[in-house]
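# Chain and residue survey
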2 protein chains.
Amino acid sequence: MPASSIVTIAGGVGAAKFLRGLAAARADAARGDVAVVNVADDFSLHGLRICPDLDTVSYTLAGLVNPQTGWGRADETWTTRNELERLGGQTWFGLGDKDLALHLYRTQRTADGAGLAQITREITASLDITMNIVPATEAPVETKVSVVGEGEISFQEYFVGRRHDVAVDAVRFSGAADARPAPGVLEAIGDATCVVVAPSNPIVSIGPVLAIPGIREALTERRDVVVAISPIVGGKALKGPADRMLTELGHESTASGVAELYAEFASALVVDTVDASQASDIERLGLECIVTDTIMSDVDVAAALATTTIETISNRGGA
Amino acid sequence: MPASSIVTIAGGVGAAKFLRGLAAARADAARGDVAVVNVADDFSLHGLRICPDLDTVSYTLAGLVNPQTGWGRADETWTTRNELERLGGQTWFGLGDKDLALHLYRTQRTADGAGLAQITREITASLDITMNIVPATEAPVETKVSVVGEGEISFQEYFVGRRHDVAVDAVRFSGAADARPAPGVLEAIGDATCVVVAPSNPIVSIGPVLAIPGIREALTERRDVVVAISPIVGGKALKGPADRMLTELGHESTASGVAELYAEFASALVVDTVDASQASDIERLGLECIVTDTIMSDVDVAAALATTTIETISNRGGA
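Residues numbered from 1 in each chain as written. Chains lettered and ligands numbered in written order. Predicted model: local features only at pLDDT ≥ 70, side-chain atom pairs only at ≥ 80, totals over all residues.

Scanning chain A from N- to C-terminus turns up 13 helices and 14 strands. Computed over its C-alpha atoms, the radius of gyration of chain A comes to 19 Å, within 12% of the 20 Å expected for a compact globule of 319 residues. Across its three principal axes, chain A shows a C-alpha extent of roughly 60 × 50 × 40 Å. A burial count over chain A gives 54% of its 319 residues as buried. (Helix = DSSP H or I, 4+ residues; strand = E, 2+ residues; numbered from the N terminus. Rg over C-alpha atoms; globule rule 2.2 N^0.38 Å. Buried ≥ 20, exposed ≤ 12 C-beta atoms within 10 Å, placed from the backbone.)

Okay, here's the thing in structure tokens:
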């Protein structure tokens, strides 16, 4: 029997904080762990290939992330951006000088013919990250957001350009139907002692990973070891538009609303203490409900959350 | 009759210094002037479109150039490059933080569908450059350098990667035969009161401009107003490999060797005072020989050189 291995289905900032906690809690054991990261927010700007969720996860695990924002680099400088402004260039998505290096590297390696999984391995090795960071797919998948009264826009246009301050009536993942999971993703899920669905936006962070044919099915098959963490606390998203997006798309913006979305493939949901009263609703949907502190204000809280989450499975006697 | 208009056929650093002198000497009159700039050194790195000669000319005319090197930006910083090194990325061609902005801008506008001439107009307008900077062509033309005992390498690999410290037995301009002059180039040459061939490398800076079908012919037709400035002074190139390249390719590395290369389309050659003794050789080749100080140690010397150069034609009673 192989050593225990935790697989986390991950979006950006919330997932990154969880993964940092997991790495802290597991120490050397995390070497075999895998984060399967959303790539449907990826986009091209100035010809550069930008993968916001992969970058946020990598910067966070490397201890390089900007602690104020939860994304981008700490101690960042903006020389290039300021010059770009003088030239009348696009600056709506600000790329810091340090951050730019990562996009240049990825773009050059893509031009060299390397795949995104290989490039991500190279980057995480350079950054001394021991966990395995894997893109959900190497195929182009793009989240398209349909804005009420306007029509479809790209995810970054919605998220950064409009600061997600518009009403949404549909979301789709262009290219997902033809995508295949990146090498190793299905095997990692199959071999995992526990699969965690990170506290990320269920619609636009976890949704596009589930939309890649084979991944949702693999999770469903391992339902008994799949634990999700609710990104909704007291009815609100801690960050980003998950709450209003859930409501606008006809779901409940509550922990039990998340349980409903995940019930098919998750056997447990970790919810915040403020949502303890929803435990019976969640259990009625067929999920074990674990109540704990989910607001990852520092790495110790995140590590405790990670421990509680994976113990949900190991306490069942599985590992 | 239109106001006088000077067209300069330009490479990088030497041409840029001349153009800055021309702009200083002509002041407002330079608004109608045109620099037709070599693009055969252009290349792609990290997915970015880099045009070294256009950039050197633009930075120099905008007063932004690094005065030590003659290319790149003054007061440059290297944050991105240093991070790229940490990632194990390509740093053989160093892109400074300020310089990067220009490449990001050009790459984005190329992706938007804009042509290089239009993009160059946008950049020079942002930098408050009044002279018209025009790429010789918008088509892809690439200088390929054949290294003795090794075969063909790209221009940047030769120039930067090998620091032009290898013997060359041939040079060709891939794509030139199918290229067309950029919009306005032939008209500018046709309408010019004086066409200057800048003191740039005759083989790899002026050569690829001449290789674009129509340009050499247009110059030949206007031979009576075409004046070249020798980039060879006392048998040596002031910068770069022009001297050894001329010798290796079977030409003479002297001012009169340059006269021989240009005799078909230039009616005068400006040479440095140290080469005064070559005047009779140059005149025997059918070119008027003007002797003056051609070492542009500051903008005043460059302005005086520009004035002397264009007066070669106006003194004939042409303008």
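This part is about the relation of the copies chain A and chain B. Least-squares fitting of chain A to chain B yields an RMSD of 0.0 Å, with the superposition described by an axial translation of 0.0 Å and a rotation of 180 degrees. Both chain copies can therefore be described as sitting about a two-fold axis. The C-alpha atom lying nearest the rotation axis in chain A is that of G47 of chain A; the distance is 3.0 Å. Comparing interface residues between copies, 100% of those in chain A also lie at the interface in chain B; the contact surface is shared. (Least-squares fit on C-alpha atoms with pLDDT ≥ 70 in both. Contact = placed C-beta atoms within 7 Å.)

This part covers the sheet that holds strand β8 (residues 168-174) of chain A. Residues and elements named next belong to chain A. Pairing is antiparallel in the open sheet, where three strands are placed in the order β7-β6-β8. This sheet does not close on itself; its edge strands, each paired only once, are β7 (151-154) and β8. Between one strand axis and the next, the sheet turns by 30 degrees as a mean value, whatever way the strands run. Bridge count for strand β6 (residues 142-147) against β8 is six bridges, and the pairing is antiparallel. Of the residues in β8, the one forming a bridge with K144 is R172. Strand contacts of helix α8 (residues 202-210): β6 and β8, with the helix running at about 25 degrees to β8, the strand carrying the most contacts. (Pairing = 2+ DSSP bridges. Axes fitted to C-alpha atoms, helices over the stretch in contact; angles between N-to-C directions.)

What follows is about the packing of helix α1 (residues 13-26) of chain B against helix α13 (residues 299-314) of chain B. Residue and element names in this part refer to chain B. In the contact formed by α1 and α13, the axes pass within 7 Å of each other and the chain directions differ by 75 degrees. Judged by the angle between their axes, α1 and α13 are roughly perpendicular. For the pair α1 and α13, contact is made by K17, F18, R20, G21, L22, A24 and A25 and by V299, A302, A303, L305, A306 and T307, respectively. Broken down by class, the residue content of the contact of α1 with α13 amounts to nine nonpolar, two polar and two charged. (Parallel < 35°, antiparallel > 145°, perpendicular 65-115°, else oblique. Nonpolar A, V, L, I, M, F, W, Y, C, P; charged D, E, K, R; others polar.)

Attention shifts here to the pairing of strand β9 (residues 194-197) of chain B. All names here are of chain B. Residues C194 and V196 of β9 are buried on one face, and the alternating residues V195 and V197, pointing to the opposite face, are buried as well. Relative to β9, strand β1 (residues 6-10) runs parallel, the two being bridged by four bridges. If you follow V7 over to β9, its bridge partner there is V195. With three bridges joining them, β9 and strand β10 (residues 226-229) adopt parallel strand pairing. If you follow V197 over to β10, its bridge partner there is A228.

How big an interface is tends to be reported as the loss of accessible area on association of its parts. Taken residue by residue, the interface counts 26 residues in chain A and 26 residues in chain B. Broken down by secondary-structure element, the contributors of at least two residues to the side of chain A that touches chain B are α3 (79-86), α4 (97-111) and α5 (116-126) of chain A. Looking at the side of chain A that touches chain B, the element that brings in the most residues is α4 of chain A, giving 10 residues. Its residues placed into classes, the side of chain A that touches chain B shows 10 nonpolar, 11 polar and five charged.

All names here are of chain B. What the three strands build is an open sheet, ordered β7-β6-β8; its pairing is antiparallel. The outermost strands of the open sheet, each flanked by one partner alone, are β7 (151-154) and β8 (168-174). Strand-to-strand twist in this sheet, taken as the mean axis angle between neighbours without regard to direction, amounts to 30 degrees. The pairing of strand β6 (residues 142-147) with β7 spans four bridges and is antiparallel. Its bridge partner lying in β7, K144 is registered against S154. Here helix α8 (residues 202-210) sits on the sheet in contact with β6 and β8, set at roughly 25 degrees to β8.

Residue and element names in this part refer to chain A. If you check the domain split of chain A, you get domain 1 (6-139 + 175-314) and domain 2 (142-174). Listed by contribution, the elements that provide at least two residues to the side of domain 1 that touches domain 2 are α8 and α10 (242-248). Ranked by residue count, the leading element in the side of domain 1 that touches domain 2 is α8, at four residues. A breakdown of the residues in the side of domain 1 that touches domain 2 according to their chemical character gives 12 nonpolar, three polar and two charged. (Domains from an automatic or database assignment.)

Residue and element names in this part refer to chain A. Structurally, the position occupied by A192 is in the loop between α7 (185-191) and β9 (194-197). For the pair A192 and E142, spaced 50 residues apart in sequence, the C-alpha separation works out to 28 Å. Filtering out sequence-adjacent residues up to four positions away, A192 remains in contact with S5, I6, V7, R222 and V225.

Looking at where V166 of chain A falls in the secondary structure, it is placed in the loop between α6 (155-161) and β8. Sequence separation between V166 of chain A and E85 of chain A is 81 residues; the distance between their C-alpha atoms is 26 Å.

Below, the discussion takes up the nonpolar core. Grouped together as the largest cluster of nonpolar side chains are 207 residues, with contacts concentrated most on L19, V36 and L269 of chain A together with L19, V36 and L269 of chain B. L19 of chain A has contacts with T8, A10, A35, V57, T60, L61 and M131 of chain A, leaving out every residue within four places of it along the chain. (Core = buried A, V, L, I, M, F, W, Y, C linked by C-beta atoms within 7 Å.)

With that settled, consider the confidence of the model for chain A. Residues shown with low pLDDT carry predicted positions that ought not to be read at fine detail. Overall, the prediction assigns chain A a mean pLDDT of 95, with 98% of residues at 70 or greater. The ipTM for the predicted assembly is 0.90, set against a pTM of 0.93. (pLDDT = per-residue confidence, 0-100.)

Residues and elements named next belong to chain A. Orientation of α4 relative to α5, taken along the N-to-C sense of each, is 140 degrees, at an axis distance of 10 Å. Here α5 runs oblique to α4, going by the angle between their axes. Along this stretch, α4 crosses α5, giving a crossing that reads as right-handed. Two secondary-structure elements touch here, α4 through L102, Y105, R106, R109 and T110 and α5 through I119, E122 and I123. In terms of residue class, the contact of α4 with α5 is built from four nonpolar, one polar and three charged. (Left-handed = near helix turned anticlockwise from the far one by under 90°.)

What follows covers unusual backbone geometry. In terms of backbone geometry, most residues other than glycine have negative phi values and most peptide bonds are trans. Unusually for a residue other than glycine, R163 of chain A sits at a positive phi of about 50 degrees. Inspection of the secondary structure puts R163 of chain A in the loop between α6 and β8. Overall, the presence of 9 C-beta atoms within 10 Å leaves R163 of chain A in the exposed class. At D128 of chain B, a position not held by glycine, the phi torsion is positive, near 60 degrees. Within the secondary structure, D128 of chain B sits in the loop between α5 (116-126) and β5 (132-135). On the basis of neighbour counts, which here come to 9 C-beta atoms within 10 Å, the residue D128 of chain B falls in the exposed class.

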